There are 2 protein chains.
Amino acid sequence: MSSTEVKLSRLLILAQKFNNFYLSGFHKCDIRPFVVEGQQVGLIKSDVLKHLEKYPEVFCIRACEQTKQGLVELNPAFRDYNERTEQLEKVLRNLRSEELFPALQGWRDEYFEVKADCRALLKMERAATPLFGVRKYGVDINGYVMHPTLGLCIWLQQRSNTKETWPGKWDNMVGGGLSVGFGIKETAIKEAAEEASIPCDLVKNLVSAGCVSFYFESRQGLFPNTEYVFDLELPLDFVPQNADGEVQAFELLTAKDCVERVFTSDFKTTSAPVVIDFLIRHGHITADDVVDFTQIVELLHVPLQSLYTYKTRLEQSKKQPQFLQGDSKNCNCAKLQKISVENGHKKPN
Amino acid sequence: MSSTEVKLSRLLILAQKFNNFYLSGFHKCDIRPFVVEGQQVGLIKSDVLKHLEKYPEVFCIRACEQTKQGLVELNPAFRDYNERTEQLEKVLRNLRSEELFPALQGWRDEYFEVKADCRALLKMERAATPLFGVRKYGVDINGYVMHPTLGLCIWLQQRSNTKETWPGKWDNMVGGGLSVGFGIKETAIKEAAEEASIPCDLVKNLVSAGCVSFYFESRQGLFPNTEYVFDLELPLDFVPQNADGEVQAFELLTAKDCVERVFTSDFKTTSAPVVIDFLIRHGHITADDVVDFTQIVELLHVPLQSLYTYKTRLEQSKKQPQFLQGDSKNCNCAKLQKISVENGHKKPN
């Protein structure tokens, strides 16, 4: 086997690893769209579903005659953003106290905003989002140096051992979830200051460079992640310093050493796509080196969009109320649904 | 409607335009895998299929019981690369003389190598590949200048009015199909010399920057294209000069003017993905500007791989010959198939 083939196998295996749900998980199991206000915002696996069934006043679990597919709908009678958030949070706090899901043991009192078509529908404890397969968005900064002798070198961070997720693992120089109320570049600038103390005069050189999308599954749940990526060339003498206690070390690696680090179990799996994309965009992983290059590039940009397009029946029920009646036998919350159909979004009880 | 929303619509509409087959065509029509030596190498639409039915000695058109899907198989009795190439070419020359397909009127006596898993299976007249939905690979060079006052500027070429495809349209500075026997970067260097007279001392700065994949359909047929992209920063005083008669003009545009040009009908639709990808990677189209940014990035890297995974029954028939017999009623070349099953790949007649 030539060295090229070895390289191929490792990169492709890695791309398949952070897309384990996209490539196989999705097809294997009973997975249901999670629908809020007529919009699909997530995907729910059967191991989560069986616990949600205990809360029929919050979740309407039913089969759709049209698509022959089950769906989980947040009670459409909940009036607004706040009520949806509160009702869901009650369930999440219950599930957490029952210690049913490892994901919820990482509860951090930090909210993630669940949106559809740019409209915020509710906010959800960040640790719970993998249970609902909610699409997550983050920013990542590739901090790099053009070294006079070593060529392109890349700054990596080692996550603090006290972090809830991936403690002690190697990661991109700067990364974080999109914060409510902040723009994408604005979040990148904020994270650059907090995580690596990058001053204004350097962060002004930030270059937006696209995004990567992948669909990973772990014991914690589902990670349909999109990371907006930024590149930042840093001066040779700059050394990142952590300011928020979430990083225990920074290290500058050559492009070659960086590739090796990404392959180790010490690297956060869900941060690998950003590094691979960076090395591809900067000519350090090329189509002449890697036979399955196009497949790897495709796996850095999987069409998550296509997994979140469930046409809910809620909208149809508004136009054709009679349409729902035949389906009520499949619903564990027929009473709620009936009220919803008769009175629009009136709150039941 | 805000200017951001206007921008969104135009970019998304364009991305949907060069993915018209991926997004809708594929689901609309009767489309069959084209199988050579047990490997799917293409997709064939019914308007092409009906003419291939006249050549049962070359094409085995049958239904697969397992997948409930029809397939078109190049006669598995053809012994090797040369025989497959000759037999297919005979049909193509016939079809050309009958003037059935606009695509074949662009016949150019230039071969494209049809491969699967890096193995060359046959070569096919380049003009015919859209009829068979064969995956096409090309290289493109984004030639750019960092102008002291205008910022990033991009060189575009205007195709010659005598070109068979997209005559007179605006296009990337350098582009071309992968040539048999040439590496990917090697092809880029060759095309850079032929199309734009870029000398060795400049072309050495070529940076591999990934690839774009999309699936376009036109009157000519199907275009499942993957373009390997290279970036090349050029000095301010360099002006590209065509050397092969295939270009009538070059023009240097600011990033902003370049975006506008791409939206016009004067721009070659299938070259737009390369320009959009370049502008995204260099921070000139950002997630803060365009609401559907992630969707657009996904449409620059569609998973063509997933449309070419038909598990042919040929391989199964080798392991379980009895498996084929029940299916022979669906085949228009049962005689060939029987010989093939009984005697392996022995040539019939």
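Residues numbered from 1 in each chain as written. Chains lettered and ligands numbered in written order. Predicted model: local features only at pLDDT ≥ 70, side-chain atom pairs only at ≥ 80, totals over all residues. Heavy atoms only, no water.

Named according to an unreviewed UniProt entry, chain A is Nudix hydrolase domain-containing protein originating from Drosophila erecta.

Visitor: What is the right way to look at the overall build of chain A in this model?
Guide: Scanning chain A from terminus to terminus reveals 13 helices and 13 strands. In chain A, which comprises 349 residues, the share counted as buried stands at 55%. Put simply, 67% of the contacts in chain A that link residues at least 6 apart link residues at least 24 apart. Counting only carbon and sulfur atoms, one obtains 49% of the accessible surface of chain A, whose full area is about 15,000 Å². (Helix = DSSP H or I, 4+ residues; strand = E, 2+ residues; numbered from the N terminus. Buried < 20%, exposed > 50% of the residue type's maximum accessible area, 1.4 Å probe, protein only. Contact = heavy atoms within 4.5 Å. Areas by Shrake-Rupley, 256 points an atom, 1.4 Å probe, with all protein chains shown as cover.)

Visitor: Sorry if this is basic, but what is going on with the interface of chain A and chain B here?
Guide: One frequently used descriptor of interface size is the decrease in accessible area upon assembly of the parts. With 34 residues of chain A at the contact, the number on the chain B side is 34 residues. In total, about 2,400 Å² of surface goes out of reach between chain A and chain B, with carbon and sulfur atoms giving 62% of it. Taken together, the connections running from chain A to chain B amount to two salt bridges. Of the charged contacts in the structure, one is a salt bridge between B:Glu298 and A:Arg135, with a shortest N-O distance of 3.5 Å. At the junction of chain A and chain B, the tally comes to nine residue pairs in polar contact (both at pLDDT 80 or more). (Buried area = accessible area lost by both parts, 1.4 Å probe. Salt bridge = Lys/Arg side-chain N within 4 Å of Asp/Glu carboxyl O. Polar contact = N/O pair within 3.5 Å; in protein donor to acceptor, adjacent residues only side chain to side chain.)

Visitor: So what exactly am I meant to see when it comes to the environment of B:Val262 here?
Guide: Residues and elements named next belong to chain B. Relative to the helices and strands, Val 262 is located in helix H8 (residues 255–263). You can call Val 262 buried: its relative accessible area is 5%. Here the alpha-carbon distance between Val 262 and Asp 171, two residues 91 residues apart in the chain, equals 8.8 Å. Residues contacting Val 262, with those up to four places away along its chain left out, are Leu 14, Phe 267, Ala 272 and Val 275.

Visitor: Would you mind going over the packing of H8(B) against helix H9 (residues 272–281) of chain B with me for this structure?
Guide: Angle between the axes and distance between the axes: these two values describe a pair of packed helices. All names here are of chain B. Interhelical geometry of H8 versus H9 gives an angle of 150° and a closest axis separation of 10 Å. Considering the angle they form, H8 stands roughly antiparallel to H9. The crossing of H8 and H9 is left-handed. The residues of H9 that touch H8, namely those facing Ala 255, Cys 258, Val 259 and Val 262, are Ala 272, Val 275 and Leu 279. Looking at the contact of H8 with H9 residue by residue, the class counts come to seven nonpolar, no polar and no charged. (Axes fitted to C-alpha atoms, helices over the stretch in contact; angles between N-to-C directions. Parallel < 35°, antiparallel > 145°, perpendicular 65-115°, else oblique. Left-handed = near helix turned anticlockwise from the far one by under 90°. Nonpolar A, V, L, I, M, F, W, Y, C, P; charged D, E, K, R; others polar.)

Visitor: Looking at this structure, I do not really get the relation of the copies chain A and chain B. What am I missing?
Guide: Superposing the two chain copies requires a rotation about an axis and a translation along that axis. Structural alignment of chain A on chain B gives an RMSD of 0.0 Å, achieved by rotating through 180° and translating 0.0 Å along the axis. In short, the pair behaves as if placed about a two-fold rotation axis. Ranked by how close their C-alpha atoms come to the rotation axis, the residues of chain A are headed by A:His301, at 3.1 Å. Of all interface residues in chain A, 100% are interface residues in chain B too; the two copies therefore contact each other through one and the same surface. (Least-squares fit on C-alpha atoms with pLDDT ≥ 70 in both.)

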